[in-house]
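Chain by chain, the residues run as shown.
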Amino acid sequence: HRSSNEVYRAFIIKDMMASLHKSKIKEKISRRPHLLFFIPLFIYFFFGLQHLTQFETADEHLWMYDPIKGRIHNYWDAIENRNWAATRINDKPGITLAYVSGIGLLFEKNPEERIVERDTYFRVYNPKKTEEINFLFRLPILIFNGLFCLFFFWIIKKLTDSDWLALIFSSLILLNPILIGISQIVNPDSLLWTFSTASFLSFLTYLKKEEKRYAILSSTFLGLSLLSKYSSVMFIPFFVLTIAFH
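Please read these numbers as outputs of a predicted model, since none were measured by experiment.

Caption draft 1: Focus on the overall build of the chain. Tallying secondary structure elements over the chain gives 11 helices and two strands in all. Going from the N terminus to the C terminus, the chain shows its helices and strands as α-α-α-α-α-β-β-α-α-α-α-α-α. Sorting the 246 residues of the chain into buried and exposed places 38% on the buried side. Across the chain, the fraction of contacts at a sequence separation of at least 24, relative to all contacts at a separation of at least 6, is 72%. Per element, the accessible surface of the chain, about 14800 Å² overall, is 64% carbon and sulfur.

Caption draft 2: Broad picture of the environment of Thr160. Relative to the elements of secondary structure, Thr160 occurs in helix H6 (residues 127-160). Spatially, the C-alpha atom of Thr160 lies 9.5 Å from that of Lys208, the residues being 48 residues apart in sequence. Those residues within four positions of Thr160 in sequence are excluded, and the remaining contacts are Leu165, Ala166 and Lys208. Within the structure, Thr160 has its side chain in polar contact with the backbone oxygen of Ile156 (distance 2.7 Å).

Caption draft 3: Broad picture of a nonpolar patch on the surface. Where nonpolar side chains cluster on the molecular surface, the patch consists of Ile39, Phe42, Ile43, Phe46, Phe47 and Leu175 and spans about 580 Å² of accessible area. The topology assignment puts Phe42 in helix H2 (residues 38-48). Look at Phe42 and you get exposed, because its relative accessible area is 58%.

Caption draft 4: Structural view of unusual backbone geometry. The amide bond that connects Asp66 to the next residue, Pro67, takes the cis arrangement and shows omega of -15°. As for its placement among the helices and strands, Pro67 is situated in the loop between helix H3 (60-64) and helix H4 (71-80). Across the junction of Lys92 and Pro93, the peptide omega takes the value 20°, indicating a cis bond. Positive phi is not limited to glycine here, since Asp59 has a value of about 70°.

Caption draft 5: Quick peek at the side chain of Asn90. Following the sequence through the fold, Asn90 ends up in the loop between H4 and helix H5 (95-100). Within the structure, Asn90 has its side chain in polar contact with the backbone nitrogen of Lys92 (distance 3.1 Å).

Caption draft 6: Up close: the pattern of salt bridges. Enumeration over the complete set of coordinates arrives at 12 salt bridges. Between Arg138 and Glu60 there is a salt bridge whose closest N-O contact spans 2.8 Å. Pair noted here: Arg138 is in helix H6 and Glu60 is in helix H3, with a separation of 78 residues, a long-range link. For Glu60, a relative accessible area of 1% puts it in the buried group. A salt bridge links Glu113 to Lys129, with the nearest nitrogen and oxygen atoms 3.3 Å apart. Of this pair, Glu113 sits in the loop between H5 and strand E1 (115-118) while Lys129 sits in helix H6, and the two are 16 residues apart along the sequence.

Caption draft 7: Main features of the packing of aromatic side chains. Overall, the coordinates contain 22 aromatic pairs when judged by the stated rule. Summarising the aromatic geometry, the rings of Phe195 and Phe221 are spaced 6.4 Å apart at their centres and angled 20° between planes, so their arrangement reads as stacked. On the criterion of sequence distance, the pair formed by Phe195 in helix H9 (residues 189-209) and Phe221 in helix H10 (residues 212-228) is long-range, its members being 26 residues apart. An aromatic cluster is present here, built from Phe144, Phe148, Phe151, Phe152, Trp154, Phe195, Tyr214 and Phe221 joined pairwise through their rings. Positioned above the aromatic ring of Trp63, the side-chain terminus of Arg71 is 4.8 Å from the ring centre.

Caption draft 8: Representation of H10 in the model. For H10, with 17 residues, the first-to-last C-alpha span of 25 Å sits near the 24 Å given by 1.5 Å per residue. Residues of H10 that are buried include every one of Tyr214, Ser218, Phe221, Leu222, Ser225 and Ser228, and no others. On an axial view of H10, the arc spanned by its buried residues comes to 110°, and they lie on one face. Against H5, H6, H9 and helix H11 (235-245) lie the buried residues of H10.

Cut-offs applied
- Residues numbered from 1 in each chain as written.
- Predicted model: local features only at pLDDT ≥ 70, side-chain atom pairs only at ≥ 80, totals over all residues.
- Heavy atoms only, no water.
- Helix = DSSP H or I, 4+ residues; strand = E, 2+ residues; numbered from the N terminus.
- Buried < 20%, exposed > 50% of the residue type's maximum accessible area, 1.4 Å probe, protein only.
- Contact = heavy atoms within 4.5 Å.
- Areas by Shrake-Rupley, 256 points an atom, 1.4 Å probe, with all protein chains shown as cover.
- Polar contact = N/O pair within 3.5 Å; in protein donor to acceptor, adjacent residues only side chain to side chain.
- Patch = residues over 30% accessible without salt bridge, like charges linked within 9 Å, V, L, I, M, F, W, Y side chains within 5 Å.
- Salt bridge = Lys/Arg side-chain N within 4 Å of Asp/Glu carboxyl O.
- Phe/Tyr/Trp six-rings, centres within 6.5 Å; stacked < 30°, edge-to-face > 60°.
- Lys NZ or Arg CZ within 6 Å of the ring centre and 35° of its normal.
- Expected span 1.5 Å × (residues − 1).
- Arc of directions from axis to C-beta.

Structure (structure tokens):
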């Protein structure tokens, strides 16, 4: 009988300790909801890494190889040779893409190895080498856009003064199927979406807080948006008109 009571008390104490531990975890999460952000971040990378090398898209080869060297190679070759006119690699202009996706050049020195056989009218390519190049140039964009959502969490928190709203909205951005899909493609649009959204949210925060640093952030991201694709020029009249009415 005494033994059974001791077991019962030990069970009660263990249950109380477990409940106390769970309450501490819940309290920690309630105080730091940003810790939950790593859940959608994991989901983003899980889906983003699926079939990352197993598809081809239109015009993407023009940036990575065409058929030997692409626009990203040409940009950094022009920088190395100080041929500034040649840094105009495209009318997008796609400069930020050359910065981010260009990280792949550190690991891919000779894209010509992709061509196994060449003739006057055809070329034979090594599929394995093509997949390797796809991975090296696509992975930096996927990582960049995923980690950049940490900025979205921060700026939305400043805009709404709520950790939970920041968590919800940044998670919805991160898990947007369009963002996950376009982050797997070597294209200026993959960075245009990110930088233009960052500029817009920073601008709204500037209107609310009226602090200089948010204006600097907004203008910086707008500049990066223009270096990605000139279509982001539409933000300029929008910002001017919004300030006028505000």
